[in-house]
Amino acid sequence: MDFEAVAPLAANEEGEIFELEGYAAVGASGNYLTPLDGEKLVVQPHGSETLFLPDRTLVALDLDSMELVALEENPYNPGEPIFPVATFNSPGYIATASCAFIEEPGAQTLPLFSYGACGWDGEDMVVAALRVDRSRRQDLRLMPREKVESGVKRFQKKYPQNRLARHLEHCALVYGCPAAKNMFIGREEAPLPTAQTCNARCLGCLSLQKDSPIPHSQDRINFTPTSQEIAQVALEHLSRVKNGVVSFGQGCEGEPLLATKVIAPAIAMIREQTSDGTINLNSNGSRPDLLQQCLDSGLDSIRVSMNSVRPECYEAYFRPSYDFKDVLKSIDMAGFRGKWVSINYLNMPGFTDSPEESEAFLKFLKDHPVNMIQWRNMNFNPRQYYDAMSQAGECGVPIGVDVMLDQISRQRPNVRFGYFNPPKESF
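Residues numbered from 1 in each chain as written. Predicted model: local features only at pLDDT ≥ 70, side-chain atom pairs only at ≥ 80, totals over all residues. Heavy atoms only, no water.

**Considerations on the sheet that holds strand 14 (residues 125–127)**
Phase 1 of the analysis: What the three strands build is an open sheet, ordered 5-14-13; its pairing is antiparallel. Two strands bound the open sheet, and with one partner strand each, they are strand 5 (42–43) and strand 13 (118–120).
Phase 2 of the analysis: As defined by bridge partners, strand 13 adjoins strand 14 across three bridges and the pair is classed as antiparallel. Residue pairing for strand 14: W120 is matched across the bridge by M125. (Pairing = 2+ DSSP bridges. Helix = DSSP H or I, 4+ residues; strand = E, 2+ residues; numbered from the N terminus.)

Encoded structure:
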């Protein structure tokens, strides 16, 4: 063997997880299946979640025959159904391979998580992932619930009429949103959800799914905060946090540019009172005309979400009501005005690291003023996603996520890798 085998993990119907001796764990990159190499794996990061996938068959490598096999039953306990096990990696890590499985006809829909490949090396659960950001911004160990609850009470007492603060209380205490938790304990980056509507219909939208069996992860904000409410929350955070960041565009809202009527004045209000902190906009970049208003008001940085830089693949996922060319205009506008531009690049092994996508992405980085790539895992069924993307555009034999990152580092050395929105002090 030219790889260091690790055992596959399986789950029974009760969700109990165990390793399968005599087999090697396999990872998927689109339609391509490869044994996981223990030398390229990392111990499952703290804060990751372990998932088992019902209505799906585990794929592994039989070490006796050295052939790929589909295991519907426990080979050491015949008659016991088993299921594949995946990892939802914690923030700061991107998957280099997806969980390998065969989807049964009529399989129940997978919720919106990423499904990374994992295995057992004899001592630890190990995952196919790379660390791209060492910040502990969303390390849950630094967000004890009692401290979050104390912060919530503080906001309730100080800002009893602020509806945005009330919305974020729900995010922190019910959904467990790390960004909302950080706001209430006064650290790092605070969210400023604002927009009720969106001009895209992303396949993996976290806050709204129409005519889809996929459940959304959280409810979308159902009101538009006033500029005063937004500025109040932002100023409170920036007054408490050195090098703090506040961001529009969260998983619990639509497209923030469509709420520019309240966002642009809010930015101006913040900047009238302080030059401290970083005001960031997470966006699809669809409306350069509205982005210009935000930039004029004092916006410091923008993060543009993309699953692909090829229009046909971008449109197959985002299903936009706008033109992809406008996204590029927004990136260029912000960059040419000296603002920090990040690409929120949604990674799925097998598609993102296909030769066609990686070549297109390198050209994109050459042609447009990008300061940073925030590598994020695509929260979507990997089989369903790859099928949709391969129908939209060419997807050849993947070169490997690690190889792709290395190519970008060598050809575009000034482009930073990361996961979180950086403060302007580090621009």
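Once the structure has been displayed, the description carries forward.
**A closer look at the packing of helix 9 (residues 355–367) against helix 11 (residues 401–411)**
Phase 1 of the analysis: Direction vectors running N to C along helix 9 and helix 11 enclose 25°, while the axes themselves pass 11 Å from each other. When the axis of helix 9 is compared with that of helix 11, the two are roughly parallel. You can see that helix 9 and helix 11 cross each other, and the crossing is right-handed. Taking contact as the criterion, the partners of S358, F361, L362 and L365 in helix 9 are, on helix 11, M404, Q407, I408 and Q411.
Phase 2 of the analysis: Among the residues making up the contact of helix 9 with helix 11, the classes are represented as five nonpolar, three polar and no charged. (Axes fitted to C-alpha atoms, helices over the stretch in contact; angles between N-to-C directions. Parallel < 35°, antiparallel > 145°, perpendicular 65-115°, else oblique. Left-handed = near helix turned anticlockwise from the far one by under 90°. Contact = heavy atoms within 4.5 Å. Nonpolar A, V, L, I, M, F, W, Y, C, P; charged D, E, K, R; others polar.)

**Considering the pairing of strand 4 (residues 32–35)**
Phase 1 of the analysis: Bridge analysis of strand 3 (residues 23–29) against strand 4 gives four bridges, and the strand direction is antiparallel. Residue pairing for strand 4: A28 is matched across the bridge by L33.
Phase 2 of the analysis: Hairpin connection from strand 3 to strand 4: two residues lie between these consecutive antiparallel strands, with G30 at a positive phi of about 65°.

**Considering empty space enclosed by the protein**
Phase 1 of the analysis: Enumeration according to the criterion identifies two cavities of 30 Å³ or more in this entry.
Phase 2 of the analysis: If you add up the space inside the largest cavity, you get close to 100 Å³.
Phase 3 of the analysis: Taken together, P8, L9, A25, V26, L58, V59, P84, V85, C99, A100, A117 and C118 form the lining of the largest cavity.
Phase 4 of the analysis: Broken down by secondary-structure element, the contributors of at least two residues to the lining of the largest cavity are strand 3, strand 7 (56–62) and strand 9 (83–88).
Phase 5 of the analysis: Taken as a whole, the second largest cavity spans an internal volume of roughly 50 Å³.
Phase 6 of the analysis: What lines the second largest cavity is simply A95, A97, S98, S114, Y115, G116, N347, M348, P349, N377 and M378.
Phase 7 of the analysis: In the lining of the second largest cavity, the residues fall into six nonpolar, five polar and no charged. (1 Å grid on protein atoms, 1.4 Å probe; cavity = no way out; pocket = protein on both sides within 12 Å on 5 of 7 lines; lining within 4 Å. Points joined across faces, edges and corners; volume = space filled by probe spheres on them.)

**Notes on the sheet that holds strand 9**
Phase 1 of the analysis: With antiparallel pairing, the four strands of this open sheet are ordered in space as 2-1-9-6. Bordering the open sheet on either side are strand 2 (17–19) and strand 6 (49–52), each of which pairs with just one other strand. Put simply, the sheet's adjacent strands are angled 40° from each other on average, direction ignored.
Phase 2 of the analysis: Where strand 6 lies against strand 9, four bridges are found, and the strand directions are antiparallel. Across the sheet, residue F52 finds its bridge partner in strand 9, namely V85.

**Observations regarding unusual backbone geometry**
Phase 1 of the analysis: Phi is positive for M66, which is not a glycine, with a value near 55°.
Phase 2 of the analysis: By secondary structure assignment, the location of M66 is in the loop between strand 7 and strand 8 (67–71).
Phase 3 of the analysis: Residue classification places M66 among the partly exposed residues on the basis of a relative accessible area of 40%.
Phase 4 of the analysis: For D211, which is not glycine, the phi torsion reads 55° and is therefore positive. (Buried < 20%, exposed > 50% of the residue type's maximum accessible area, 1.4 Å probe, protein only.)

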